[in-house]
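Examination of the molecular architecture
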Amino acid sequence: MTAALRSTRLAAYLGTALGVAVSVCFVTGLLSHWLQHPPEWFFWPARPAWLFQLTQGVHVTCGVAAIPLTLLKLAVVYPKLFSRPVIGSWRAPVAALRRGLERASIAVLVIAMVFELSTGLLNIAQWYPWRFFFTTTHYAVAWVLAGAVVVHVGVKLPDIIAAYRRESAARQSVSNPDAGPSRRAVLGAGLAAAALATVAVGGQSFPPLRKLSFLAPRSGDGPQDLPINRTAAAARVGPGALSPDFRLSLVGPRTVDLTLDELRALPQRTVRLPIACVEGWTRWATWTGVRVKDLAALTGATDGAALRFSSIEVGPYAVSTLPAEHVRADDSLLALRLNGAVLDLDHGFPCRLIAPSRPGVTQTKWVRRIEVLS
Ligand SMILES: Nc1nc2c(c(=O)[nH]1)N[C@H]1C(S)=C(S)[C@@H](COP(=O)(O)O)O[C@H]1N2
Ligand SMILES: [Mo]
């Protein structure tokens with residue numbers, strides 16, 4: 001690699017692009033985390049229905065775009081990782097401290113970055129070759145990464161500012177521009193690789209891009225034109241879901257048990273809503289079922305109550321809480337039908353939750369019990 005490519009300026013450009021991508025991933029990741037584990041103060045609107053599709057699509061797409069940028073940035077700066085002295089001399093303690101902090105933050109930064117990008121990528125490919133629980137670890141390391149980025153940018157700020165100011169000077173310092181690819185060519189190639197990565201997987205989150213998305217792990221397979229996250233067989237819900245003794249229990253000020261026929265006899269509503277999976281894919285469908293707020297009203301719940309949905313299944317995604325804002329929304333349904341036919345067993349037969357602007361993981365399938373909270 002030529003001197004031009006090792007320049008601070010290229011490192012600063014790539015660093016800026018990466019800083020933007022990481023910040024966007026951090027914020028959209030926090031939103032996804034709060035949606036799944038809402039703190040008291042957290043509010044998320046029920047409209048527009050595609051809001052979570054957008055934030056999560058941006059999260060996954062920026063993460064993927066960051067992969068080629070990270071590789072390029074490492075290629076540009078890696079000789080510095082081996083530069084000596086490691087920290088410096090005690091005779092200049094302030095400089096040594098700064099250098100020590102810089103190097104430590106870079107070590108943490110690189111490790112956390114590689115960890116976040118690789119686990120995120122494997123997660124959207126739905127391949128889990130590890131033993132830890134993905135979401136908790138990905139979330140915890142995100143804070144480590146954010147801290148390392150803040151320290152790194154703080155330490156490097158003088159260099160970054162200087163790099164942006166020194167355009168012409170840096171150009172002149174390149175003694176032999178023919179010795180290899182130019183800085184601009186490398187930067188262009190990096191951005192092109194990032195754009196390609198974006199298009200290659202972005203289509204699973206943004207349907208108009210879908211035909212171009214040759215790497216999108218999930219886009220349209222599954223019965224009733226909708227991918228399946230977890231099958232009925234895997235969740236072992238078949239007997240309970242198909243039993244003629246199935247009852248939906250509504251538990252609130254009044255407790256009501258409904259058979260499937262009784263559910264079908266209630267007023268039905270049809271809406272277009274997406275399943276927007278945290279793993280990045282989104283698929284819109286037409287859902288028909290009973291409005292959640294009508295079910296809440298049957299139990300005598302007051303306006304402003306949240307509901308807890310529990311599945312026949314036992315497992316990590318068997319229970320979800322629907323906040324009051326979404327209970328009130330006209331489009332939140334306990335769905336009985338999907339794309340014009342009875343809900344497939346794999347999509348949650350006899351009934352499943354579908355609510356607007358929510359992560360797919362909270363759209364509980366095979367619902368057996370709805371409880372009024374507070
Ligand atoms: N009971 C139960 N409900 C569940 C899940 C699950 O594993 N068990 N997976 C969730 C996830 S992660 C998603 S993305 C959606 C997918 O719904 P689908 O399989 O009908 O497409 O269902 C959600 N509901
Ligand atoms: Mo999901």
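Everything that follows concerns the structure shown earlier in this document.
This write-up is about the structure you can find in this document.

**Things to note about the nonpolar core**
- Leu248, Leu263, Trp287, Phe309, Leu334 and Ile370 are the most contacted members of the largest nonpolar core, which has 51 residues in total.
- Here the element with the most residues in this core is strand β7 (residues 333-338); it accounts for 5 residues.
- Shared between two domains, this core holds at least three residues of each, these being domain 1 (3-212) and domain 2 (225-373).
- Contact partners of leucine 263, with chain neighbours within four places excluded, come to Leu248, Leu258, Gln268, Val290, Leu295, Leu334, Leu336 and Cys351.

**Thoughts on the sheet that holds strand β10 (residues 367-373)**
- Here we have 5 strands laid out as an open sheet, ordered β2-β1-β10-β5-β6, and mixed in their pairing. At either margin of the open sheet sits one strand with a lone partner, and together these are β2 (255-258) and β6 (319-322). Adjacent strand axes in the sheet meet at a mean angle of 15°, parallel and antiparallel pairs treated alike.
- In this structure, strand β5 (residues 306-311) lies alongside β10, joined through 6 bridges in antiparallel fashion. Its bridge partner lying in β10, arginine 308 is registered against glutamate 371.

**Topic: the site of ligand 1**
- Contacts to ligand 1 come from 19 residues, most closely from Pro227, Asn229, Glu313, His347 and Lys365.
- Measuring from an oxygen atom of ligand 1, one finds a side-chain N or O atom of histidine 347 at 2.6 Å.
- Here an oxygen atom of ligand 1 sits 3.0 Å away from a polar atom, N or O, in the side chain of arginine 352.
- Summarising the interface, the protein chains cover 99% of the accessible area of ligand 1, which totals 530 Å² for the free molecule.
- Here the shell around ligand 1 is built from residues that sort into 9 nonpolar, 6 polar and 4 charged.

**Quick notes on the packing of aromatic side chains**
- All chains considered together, the criterion is met by 7 aromatic pairs.
- Seen in terms of ring centroids, tryptophan 34 and phenylalanine 42 are 5.6 Å apart; in terms of plane orientation they differ by 50°. Their pairing is tilted.
- With a relative accessible area of 22%, tryptophan 34 lands in the partly exposed category.
- Judged by relative accessible area, which is 16%, phenylalanine 42 ranks as buried.
- Ring-pair connections join several aromatic residues into one group, and the members of that group are Trp34, Trp41, Phe42 and Trp44.

The rules we used
Residues numbered from 1 in each chain as written. Chains lettered and ligands numbered in written order. Predicted model: local features only at pLDDT ≥ 70, side-chain atom pairs only at ≥ 80, totals over all residues. Heavy atoms only, no water. Core = buried A, V, L, I, M, F, W, Y, C linked by side-chain atoms within 4.5 Å. Buried < 20%, exposed > 50% of the residue type's maximum accessible area, 1.4 Å probe, protein only. Helix = DSSP H or I, 4+ residues; strand = E, 2+ residues; numbered from the N terminus. Domains from an automatic or database assignment. Contact = heavy atoms within 4.5 Å. Pairing = 2+ DSSP bridges. Axes fitted to C-alpha atoms, helices over the stretch in contact; angles between N-to-C directions. Near = heavy atom within 4 Å. Polar contact = N/O pair within 3.5 Å; in protein donor to acceptor, adjacent residues only side chain to side chain. Areas by Shrake-Rupley, 256 points an atom, 1.4 Å probe, with all protein chains shown as cover. Nonpolar A, V, L, I, M, F, W, Y, C, P; charged D, E, K, R; others polar. Phe/Tyr/Trp six-rings, centres within 6.5 Å; stacked < 30°, edge-to-face > 60°.

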